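Listed below, chain by chain, are the residues.
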Amino acid sequence: MPTAIFASFESGIIYAIMALGVYLSFRILDFPDLTVDGSFVTGAAVAATMIVGGVNPVAATVTAMVIGFVAGCITGLLHTFGKINALLSGILMMIALYSINLRIMGTSNVSLLNEDTAFTGITGLVGSLGIDQALNGIWNAVGLGEPLPDTWAVLLFMTVVTLMIKFLTDAFLKTEVGLALRATGDNQRMIRSFSANTNLMIILGLGISNALVALSGALIAQYSRFADVGMGIGMIIIGLASVIIGEALFGTKSIARTTLAVIGGAIIYRLVVSMALRVDFLETGDMKLITATIVILALVMPKVMERYKDRKRKAKRMAERMKAIPVSEGEGGSSVTIK
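Residues numbered from 1 in each chain as written. Predicted model: local features only at pLDDT ≥ 70, side-chain atom pairs only at ≥ 80, totals over all residues. Heavy atoms only, no water.

Caption draft 1: Highlighting the overall build of the chain. Helix and strand content of the chain: 13 helices and four strands. Over its C-alpha atoms, taken along the principal directions, the chain stretches across nearly 100 × 60 × 40 Å. By the burial criterion, 44% of the 339 residues in the chain qualify as buried. Summarising the internal contacts of the chain: among those between residues at least 6 apart in sequence, 74% fall at separations of at least 24. (Helix = DSSP H or I, 4+ residues; strand = E, 2+ residues; numbered from the N terminus. Buried < 20%, exposed > 50% of the residue type's maximum accessible area, 1.4 Å probe, protein only. Contact = heavy atoms within 4.5 Å.)

Here's what the structure looks like:
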């Protein structure tokens, strides 16, 4: 069980980058971008192919991010200048990316088992500094015991990277361009009245969103040690689940709180899936069903809770009104006087 929880945190913190990208398109821009299912694989395919070709893993990861940005911009161009429906634009780009990804990889699967990745150097550095031994000592001290994680490098490194991206996203959304981006998602007609170029904002927003998604795909490929053309299927649902779960549990009072909630939602989603797969009658092939169920519950439960709270508020107001109606008794019977 401890190993499963640790692995869920590791993968969850990487998928959180993808969830932040989905948050930008779905929540900030109010754009249902299905390009995510394709750009996630594009990031993995570009990074894996370049690493196998001898390119530095960091350079390969940055290149994957750039290609993801281009893919998102093309989706934006299809919608803004091609006047294609937002949903259809994403679907068209997602379909196109399937063939592009196959072209990039040259095969349906690229293995990284014998290659150095972005995590290889970090793992060696953390081990040489004795951080693994120190954290495993704490792991034992709190009574979690065996089995101990092989290394804490991936979790520590990705926590730093994901938080950096979170803070950069927060800062960007507070800039003049970021505010224009948020206004475009809220009310395009209003922001146009201030002479803002909403088409440019949509293209830029979708580009940044898919750059983050591609970055997550590149890191997941290096973490899993392979890239597969089908690894992006249903990725948009995972991203939405992370966003919805995070918002439901942690709230959305500010941008900083919401982005942190999205990261927390991604980790919680991986934990829930990991725990669900430990149930005897569920198998690995049921993951998509589990994901759909989680999203349904995340969408329905807040509404159910809100209706329950609304009924309690109404009952409380009714009780207060009844208390305000005093009953007095006299010789001729009883009379009711309303204050």
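Caption draft 2: Seen up close, the packing of aromatic side chains. In total, this model carries two aromatic pairs according to the counting rule given. Aromatic pair Y15 and F40: ring centres 6.0 Å apart, planes at 10°, arrangement stacked. Of this pair, Y15 sits in helix 1 (residues 2-28) while F40 sits in helix 2 (residues 36-52); the two residues are 25 residues apart in sequence, bridging distant segments of the chain. Where F119 meets F157, the ring centres are 6.1 Å apart and the plane angle is 80°; that geometry is what we call edge-to-face. Taken together, the residues F119 in helix 5 (residues 118-128) and F157 in helix 7 (residues 153-173) connect sequence positions 38 residues apart. Judged by relative accessible area, F157 falls into the partly exposed class, the value being 26%. (Phe/Tyr/Trp six-rings, centres within 6.5 Å; stacked < 30°, edge-to-face > 60°.)

Caption draft 3: How the structure looks around the side chain of S216. Relative to the elements of secondary structure, S216 occurs in helix 10 (residues 198-224). Looking at S216, the relative accessible area reads 0%, which means it is buried. A polar contact is formed between the side chain of S216 and the backbone oxygen of I14, at a distance of 3.1 Å. Ignoring any residue separated from it by four or fewer positions in sequence, one finds S216 in contact with I14, Y15, I17, M18 and F40. (Polar contact = N/O pair within 3.5 Å; in protein donor to acceptor, adjacent residues only side chain to side chain.)

Caption draft 4: Quick peek at the nonpolar core. Formed by 67 residues in total, the largest nonpolar core has its most connected members in M18, V22, F40 and M158. Those residues within four positions of F40 in sequence are excluded, and the remaining contacts are Y15, M18, V213, S216, G217, I220, M231, G232 and M235. (Core = buried A, V, L, I, M, F, W, Y, C linked by side-chain atoms within 4.5 Å.)

Caption draft 5: Representation of a nonpolar patch on the surface in the model. Taken together, the side chains of I296, L297, L299, V300, M301, V304, M305 and Y308 define a hydrophobic patch exposed on the protein surface, amounting to about 700 Å² of accessible area. On the secondary structure map, L297 appears in helix 13 (residues 287-323). Its relative accessible area of 46% is what places L297 among the partly exposed residues. (Patch = residues over 30% accessible without salt bridge, like charges linked within 9 Å, V, L, I, M, F, W, Y side chains within 5 Å. Areas by Shrake-Rupley, 256 points an atom, 1.4 Å probe, with all protein chains shown as cover. Salt bridge = Lys/Arg side-chain N within 4 Å of Asp/Glu carboxyl O.)

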